[in-house]
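Per-entry structural report
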Amino acid sequence: MKVKLTPELSYIIGLWKERRAPSGLGVSGSEEILAAFTDVCMKAKIAEAGKILGGEDTIYFYNTAYRRFFQKTVEEEGERFKYKNEYSASFLAGLFDSMGGIGADGTVYFRKCSKADEMVVYRLGFKPLWKNGKMYIIKPAKFLAYIKPFTKLFADNDVMEKIL
């Protein structure tokens, strides 16, 4: 089976990247993250309802072709997401839903981020700044406007609305 990158898969890869489940293709985290991952995977038709397994705070399924594709995409992240388009916006939205946050003062940050993620953010024109172990986005309104159409967990966030 030949897997092609789509904006939906880009979102799933961003969500999965820093929250990988120990087995299969899945994520660990809060109920909201597990629900978002399940929902998006079902809509993208890469998982079937009866084949999704889970534990206390983990959900996963087995699909070797997609797992290999996801790993390869993460390895090539700097090249795959170097242009401002719906693929990179979806990937950053997934990463933001997975590890991002909006502070009460309107700051936008990532709790966990690799150097490759930092480079993607920088190349797309959103200047990152590391402070206290978090990567902050210097122009949060511009960044949130870019990812808002693709984010699932922060789409209805009141703080996001105030910033935009």
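Residues numbered from 1 in each chain as written. Predicted model: local features only at pLDDT ≥ 70, side-chain atom pairs only at ≥ 80, totals over all residues. Heavy atoms only, no water.

Considering a positive patch on the surface
A cluster of like positive charges, contributed by K84, K127, K139 and K142, occupies part of the molecular surface. By the secondary structure assignment, K142 is in helix α7 (residues 140-147). A relative accessible area of 40% places K142 in the partly exposed class. (Patch = residues over 30% accessible without salt bridge, like charges linked within 9 Å, V, L, I, M, F, W, Y side chains within 5 Å. Areas by Shrake-Rupley, 256 points an atom, 1.4 Å probe, with all protein chains shown as cover. Salt bridge = Lys/Arg side-chain N within 4 Å of Asp/Glu carboxyl O. Lys, Arg positive; Asp, Glu negative; His and termini not counted. Charge placed at Lys NZ, Arg CZ, Asp CG, Glu CD. Helix = DSSP H or I, 4+ residues; strand = E, 2+ residues; numbered from the N terminus. Buried < 20%, exposed > 50% of the residue type's maximum accessible area, 1.4 Å probe, protein only.)

Description of the packing of aromatic side chains
Tallied over the entire structure, the rule returns 11 aromatic pairs. Relative to F70, the ring of Y66 has its centre 6.3 Å away and its plane inclined at 75°; by these criteria the two rings are edge-to-face. Here F70 and Y66 lie together in helix α3 (residues 64-75), a separation of four residues that amounts to about one turn. A residue is classified by how much of its surface remains accessible, and Y66, at 12% relative accessible area, is buried. The exposure class assigned to F70 is buried, which follows from its relative accessible area of 0%. Its guanidinium or amino end placed over the ring of W16, R20 lies 4.1 Å from that ring's centre, counting from NZ or CZ. Geometry around Y11 places K152 over its ring, the cationic atom sitting 4.9 Å from the centre. (Phe/Tyr/Trp six-rings, centres within 6.5 Å; stacked < 30°, edge-to-face > 60°. Lys NZ or Arg CZ within 6 Å of the ring centre and 35° of its normal.)

Points about the pattern of salt bridges
Scanning all chains against the criterion turns up nine salt bridges. The partner of D117 in a salt bridge is K17, with the nearest N and O atoms 3.0 Å apart. Of the two residues, D117 sits in helix α6 (residues 115-123) while K17 sits in helix α1 (residues 7-17), which places them 100 residues apart along the sequence. Each member of the pair, D117 together with K17, is buried. In this structure, K82 engages E79 in a salt bridge whose closest nitrogen and oxygen atoms are separated by 2.9 Å. Among the residues examined, K82 registers a relative accessible area of 28% and is labelled partly exposed. If you follow the salt bridges from partner to partner, you end up with K17, E18, E77, K112 and D117 in one network.

Examining the pairing of strand β6 (residues 128-131)
Pairing of β6 with strand β7 (residues 134-137) involves four bridges; the strand directions are antiparallel. The partner of L129 across the bridge, within β7, is Y136. Following β6, the chain reverses through two residues before pairing antiparallel with β7; N132 in that reversal takes a positive phi of roughly 55°. (Pairing = 2+ DSSP bridges.)

A short note on the nonpolar core
Counting 47 residues, the largest nonpolar core has L9, F37, F70, L92, F96 and F143 as its most contacted members. Leaving out residues up to four positions away in the same chain, F70 has contacts with L9, I12, I13, W16, L25 and I46. (Core = buried A, V, L, I, M, F, W, Y, C linked by side-chain atoms within 4.5 Å. Contact = heavy atoms within 4.5 Å.)

Some thoughts on the environment of Y66
Measuring from C-alpha to C-alpha, the distance between Y66 and M1 comes to 9.3 Å, with 65 residues separating the pair along the chain. Look past the residues within four positions of Y66 in its chain and what remains in contact with it is M1, V3, L9, L25 and I46.

Let's talk about the layout of surface pockets
Approximately 170 Å³ is the volume found for the largest pocket. Contributing to the lining of the largest pocket are P7, E8, Y11, D39, V40, K43, A44, S90, F150 and K152. For the lining of the largest pocket, the secondary-structure elements that each account for two or more residues are α1 and α2 (31-43). In terms of residue class, the lining of the largest pocket is built from five nonpolar, one polar and four charged. (1 Å grid on protein atoms, 1.4 Å probe; cavity = no way out; pocket = protein on both sides within 12 Å on 5 of 7 lines; lining within 4 Å. Points joined across faces, edges and corners; volume = space filled by probe spheres on them. Nonpolar A, V, L, I, M, F, W, Y, C, P; charged D, E, K, R; others polar.)

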